[in-house]
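Geometric and topological summary
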Amino acid sequence: MTTLTDRDLEKAPIASPVTMAGALNRALADALREDSSVLVFGEDVGTLGGVFRVTDGLAATFGEQRVFDTPLAEAGIVGTAIGMAMNGLRPVVEMQFDAFAYPAFEQVTSHLAKLRNRTKGRVALPIVIRIPYGGGIGGVEHHCDSSEAYYTHTAGLRVVTPGTPADAYALLRQAIECPDPVIFLEPKRRYWSKETTTLQHTAATLDRAVVRRPGSEVTLISYGGALGTALEAADAAAEEGRSVEVIDLRSLSPFDDETVAASVRRTGRAIVVHEASRFCGYGAEVAARLSEQCFYYLEAPILRVTGFDIPYPPPNLEEHHLPSIDRILDAIDRLQWQDSSGTVKADG
Amino acid sequence: MVTLAPAAPTSTNPQRFLPTETPLALLDAGGHVVADAGLVMPSDDILLALHRKIVLGRRFDSQATALTKQGRLAVYPSARGQEAGEIGAVVALRPQDWLFPTYRDSMAVVARGVDPVEVLALLRGDWHCGYDPYGYRVAPQCTPLATNALHAVGLAHAARIKGEDTVALVMLGDGATSEGDTHEALNFAAVWKSPVVFFVQNNGYAISVPLSKQSAAPSLAHKGVGYGMPSMLIDGNDPAAVYAAVAQAVAAAAAGEGPTLIEAITYRIEAHTNADDATRYRDRGEVESWLARDPLTRLRQHLTGRGLLDEAAIAALDAEAETEAAALRQRMNVDTVQDPAELFRYVYAEQTPALGQQQQELARELAESEDQ
């Protein structure tokens, strides 16, 4: 096992351009290097380096004992990961695509999420399940699901999704170190988004949201694949004179009530933006929590800009389904900007 | 770059993976030694240990059934009639090995050394798993069938990676072999050559569904060949055969030879649980025919016939079993005090703020109801 020397640690980090896929790859490599109990396995993650190349080069560097291909069976991948974690290892497994993770659902909900509780804390399962999720890449059916609500509804799981390369690195490192099982949702349309940054372990906190763009009149609450659209919509709104704050949730479970509620109390208006369907979607929980916590501060009902309540569309129609800048701007316009005297409160 | 082209099989002859056509047995129903059994007869000490644990196990099982009738347990799935499998498999495990039991395997878990009161915490309704899995190397009893087979493979694979001499034995039933997780576990274990023993107790029924509606395979053990896994078909009511087969499979796994699939033919004498009515799907005559193949009678006849056991020793053992049962009764008849705060304590390593709030909500509710 290679360990970091003092000299390595003294090296000042230099900001350089990195994609989210590259940042995730670095996080896996650094975790494998620093902790000999970390294993990476799944379908095509070894020799090929994963269909999105997130595990590129890891098998060559760390050997087939620690980074390896499994038979094509998702329940098998998660189920064996549970047994390995029971025996002191820290598996980081990959589900090749969102909808291909469903065969593992029983292992995730009945065992991964519950074993700590079933054994009164005696059996911990420090497992990370990486799942490329969401659409926007022209994928054919079963490759574009936003499956976050299935996992966030399950007590005992942490559900995390990074929006930027720097966060992808920091959150994956922390997820691997976390004693709880973590569903790590990777927005696949952000895989090739670049950021000039230094990758630091501490750049994000596993259960805290972040204000990605400050503003004073509306809070857009988003995450993962839709985050970029929310940020662009905020810029467009600014050109029309609206000051829009954008929150990147990062941790979908547990939910960072403090950061989100503080923002909404300040702005008085909130819109949840996500790709997933609306009905019983993640935004419903966000809206309900904010109504409970911020009711007296709200100037308008909390709105949701989401995918429709339909199965994920074929590639040539997906643009109609995904939240767009225009849809977000329309929602901002619908936030009851006229006060009771009938005057418009701000430009709009 | 290393290219791993599909390896051409050196031989497609499946013979080495196939079970025997008839179940292997060391002792026949009358307790007589079977000639050329194809299994190694356990030592006399082992046979006596099996006898002792079967007597204690059967008494534990009947006590648990009685506690259920008295309302002390929410439900109890009895393993009566399956003592050869429950005890034989566990006695063949070494201290460093792991057992992955199902809900019907309470007897096996007790035979492994777990405090029976801790075992029954699940069925009493106190908590989902009442014992420390690491203390006994026994996983929590598994209710979603076959899911634990994958855990056994993972744990055993991790042991190999870590260089530990540990074998995992997973208990399955005939019904569980139809589950997808059994297929995935057998396949992963064979591909990885994991030190695992798949111990299938074919007791004839999955609740009410008979084997004929479960599988069209020549035997469940025949499934092993499809995975490239050596398989054994054994008489699951012969404690000596179960011990010998499992000990052989454990030794092979420990020697790096990979997993073994064992099908033990047995019979569930009781209904699925106390809540089930077995007369709706099987004849009394069928049950009677299996009572004639009782595993305890068989072993006892063998041991007394050879002068290794006498009436006095049996009486002493029965008395010991009664004492244990009385102690269990007494301990189970004490009402337990449950702390509702525990509902929120073990969900995550550190309690989340939201769960802390919900714990307080419940505490307030309880305080108010006490005031009234």
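Residues numbered from 1 in each chain as written. Chains lettered and ligands numbered in written order. Predicted model: local features only at pLDDT ≥ 70, side-chain atom pairs only at ≥ 80, totals over all residues.

Comments concerning the overall build of chain B
Test applied: Runs of H or I in DSSP of at least four residues are treated as helices and runs of E of at least two as strands, each being numbered from the N terminus. Whether two residues are in contact is decided by their C-beta atoms, placed from the backbone, lying within 7 Å.
Each helix and strand counted, chain B has 13 helices and seven strands in total. Taken along the three principal axes of its C-alpha coordinates, chain B extends 75 × 70 × 40 Å. Of the contacts made within chain B by residues no fewer than 6 positions apart, 76% connect residues no fewer than 24 positions apart.

Some points on the overall build of chain A
As a reminder of what qualifies: Here the radius of gyration uses the C-alpha set of atoms, whereas the globule reference equals 2.2 Å times the residue count to the power 0.38.
In terms of regular secondary structure, chain A is built from 13 helices and 14 strands. A globule of 348 residues ought to have a C-alpha radius of gyration of about 20 Å, and chain A, at 21 Å, matches this closely. Overall, chain A is about 70 × 45 × 45 Å in size when its C-alpha atoms are taken along their principal axes.

So, the sheet that holds strand β3 (residues 67–69) of chain A
All names here are of chain A. Applied cut-off: For two strands to count as paired, DSSP must find a minimum of two bridges between them. Lines are fitted to the C-alpha atoms to define the axes, a helix being fitted only along its stretch in contact, and any angle between axes, read from their N-to-C directions, falls within 0 to 180 degrees.
Strand order across the open sheet formed by seven strands is β3-β2-β4-β5-β7-β6-β12, with mixed pairing between neighbours. The open sheet has two free edges, formed respectively by β3 and β12 (251–253), since each of these has just one partner strand. Ignoring which end each strand starts from, the neighbouring axes of this sheet average 20° apart. As paired elements, strand β2 (residues 38–42) and strand β4 (residues 90–94) share five bridges and run parallel to each other.

Examining the nonpolar core
Selection criterion: Structurally, a nonpolar core is described as a collection of buried Ala, Val, Leu, Ile, Met, Phe, Trp, Tyr and Cys residues joined by way of C-beta atoms within 7 Å. In this scheme every C-beta is placed from the backbone, and a residue whose C-beta has 20 or more other C-beta atoms within 10 Å is buried, one with 12 or fewer is exposed, and one in between is partly exposed.
By size, the foremost hydrophobic cluster in this structure holds 198 residues, and its most contacted members are Phe199(B), Val246(B) and Ile262(B). In terms of residue count, the dominant contributor to this core is helix α9 (residues 239–254) of chain B (11 residues).

Some words on the pairing of strand β11 (residues 244–248) of chain A
Residue and element names in this part refer to chain A. Note the cut-off: Looking down the strands as they point away from the viewer, one classifies a crossover as right-handed if the path from the first strand across the helix to the second runs clockwise.
When you tally the buried positions in β11, you get five out of five residues, the bulk of the element. Here β11 shows no split at all, with Val244, Val246 and Asp248 on one side and Glu245 and Ile247 on the other all buried. When strand β9 (residues 210–213) meets β11, the two strands line up antiparallel, connected through three bridges. The residue bridging Val210 from the neighbouring strand is Asp248, located in β11. Here strand β10 (residues 218–222) pairs with β11 via five bridges, running parallel. The residue bridging Thr219 from the neighbouring strand is Glu245, located in β11. After leaving β10, the chain enters helix α9 (residues 227–239) and then returns to the sheet as β11, a path that is right-handed.

Notes on the interface of chain A and chain B
Taken together, the contact pairs 35 residues of chain A with 33 residues of chain B. Elements with a contribution of two residues or more to the side of chain A that touches chain B: α4 (74–86), α5 (105–112) and α6 (115–118) of chain A.

A look at the packing of helix α1 (residues 44–69) of chain B against helix α11 (residues 295–305) of chain B
All names here are of chain B. This is how the line gets drawn: In this scheme the handedness of a crossing depends on how the near helix is turned from the far one: anticlockwise by less than a right angle means left-handed, clockwise means right-handed.
Viewed as axis vectors pointing N to C, α1 and α11 meet at an angle of 145°, and their least axial separation amounts to 10 Å. Pair α1 / α11 crosses with left-handed handedness. Of the residues in α11, those touching α1 at Leu47, Leu48, Leu50, His51, Ile54, Val55 and Arg58 are Pro295, Leu296, Leu299, Arg300 and Leu303.

Focus: unusual backbone geometry
The residue after Ser253(A), namely Pro254(A), is reached through a cis peptide bond having omega -5°. Here the phi dihedral of His142(A) falls at roughly 70°; this positive angle occurs in a residue that is not glycine. Within the element layout of this structure, His142(A) appears in the loop between β5 (128–133) and α7 (148–152). Although it is not a glycine, Ala146(B) sits at a positive phi angle of roughly 80°. As for its position among the elements, Ala146(B) is in the loop between α6 (133–136) and α7 (147–162). With 25 C-beta atoms packed within 10 Å, Ala146(B) lands in the buried category.

Here we look at the domain arrangement of chain A
Interfaces are often described in size by the accessible area the parts lose on coming together. Residues and elements named next belong to chain A. To be explicit about the condition: Each domain span listed reflects an automatic or database assignment of domains. Residue polarity is assigned by list, with Asp, Glu, Lys and Arg as charged and Ala, Val, Leu, Ile, Met, Phe, Trp, Tyr, Cys and Pro as nonpolar; anything else, Gly included, falls into the polar class.
Looking at the assigned domains, one finds that chain A contains domain 1 (11–197) and domain 2 (210–333). On the domain 2 side, the residues contacting the 26 residues of domain 1 number 22 residues. Mapped onto the side of domain 1 that touches domain 2, the elements with two or more residues apiece are α7, β6 (158–160), α8 (165–177) and β7 (182–187). A per-class count over the side of domain 1 that touches domain 2 returns 10 nonpolar, nine polar and seven charged.

Considering the sheet that holds strand β13 (residues 270–277) of chain A
Residues and elements named next belong to chain A. Taken in spatial order, the five strands line up as β9-β11-β10-β13-β14 in an open sheet, and their pairing is mixed. Strands with a single pairing partner mark the edges of an open sheet, and in this sheet they are β9 and β14 (303–307). Pairs of neighbouring strands in the sheet enclose a mean axial angle of 30°, with direction left out of account. The strands that α9 touches are β9, β10, β11 and β13; relative to β11, the one it contacts most, it runs at about 170°.

Considerations on the domain arrangement of chain B
For chain B, the assigned domains read domain 1 (14–270 + 282–338) and domain 2 (340–372). On a C-alpha basis, the centres of domain 1 of chain B and domain 2 of chain B stand 40 Å from each other.

Side note on the confidence of the model for chain B
To be explicit about the condition: For every residue, the predictor assigns a confidence score, pLDDT, that lies between 0 and 100.
Overall, the prediction assigns chain B a mean pLDDT of 95, with 98% of residues at 70 or greater. Listed scores for the predicted complex are pTM 0.95 and ipTM 0.96.

Quick look at α8(A)
Each α-helix winds once per 3.6 residues, and so residues spaced three or four apart point in a common direction. Our working rule: Helix span, expected: 1.5 Å multiplied by one less than the number of residues in the helix.
Between its first and last C-alpha, α8(A) extends 19 Å over 13 residues, near the 18 Å set by a 1.5 Å rise per residue. Taken together, the buried positions of α8(A) are Pro165(A), Ala166(A), Asp167(A), Ala168(A), Tyr169(A), Ala170(A), Leu171(A), Leu172(A), Arg173(A), Gln174(A), Ala175(A) and Ile176(A).

Some thoughts on the pairing of strand β3 (residues 196–202) of chain B
All names here are of chain B. Judged by how many residues are buried, β3 sits mostly within the fold: seven of seven residues are covered. Residues of β3 alternate between two faces, with Val196, Phe198, Val200 and Asn202 on one and Val197, Phe199 and Gln201 on the opposite face, all of them buried. Relative to β3, strand β2 (residues 168–173) runs parallel, the two being bridged by six bridges. Within β3, the position partnered with Ala168 by the bridge is Val196. Considered for its hand, the β-α-β crossover made up of β2, helix α8 (residues 180–192) and β3 is right-handed.

Details of the packing of α4(A) against α8(B)
Note the cut-off: Put simply, angles under 35 degrees are roughly parallel, angles over 145 are roughly antiparallel, angles from 65 to 115 are roughly perpendicular, and the rest are oblique.
Where α4(A) contacts α8(B), the two axes come as close as 9 Å, and the packing angle between them is 70°. On the basis of the axis angle, α4(A) is roughly perpendicular to α8(B). On α8(B), the residues that touch Ala75(A), Gly76(A), Gly79(A) and Thr80(A) of α4(A) are Gly180(B), Asp181(B), Glu184(B), Ala185(B) and Phe188(B).

Concerning α8(B)
Look at α8(B): 18 Å from first C-alpha to last across 13 residues, which is about the 18 Å you get at 1.5 Å a residue. Of all 13 residues in α8(B), 10 are buried, a share of seventy percent or more. Of the residues making up α8(B), those classed as buried are Asp181(B), Thr182(B), Glu184(B), Ala185(B), Leu186(B), Asn187(B), Phe188(B), Ala189(B), Ala190(B) and Trp192(B). Turning to α8(B), the residues buried within the fold contact α4 of chain A together with α7, β2, β3 and β7 (260–265) of chain B. Taken from the residues just after α8(B), Lys193(B) is the one with a positive phi, measuring 55°.

Examining the environment of Asp35(A)
Residues and elements named next belong to chain A. Examined against the element boundaries, Asp35 turns out to sit in the loop between α2 (20–34) and β2. Take Asp35: there are 14 C-beta atoms within 10 Å of it, and that puts it in the partly exposed class. When the C-alpha positions of Asp35 and Glu177 are compared, they lie 9.4 Å apart, and in sequence the two are 142 residues distant.

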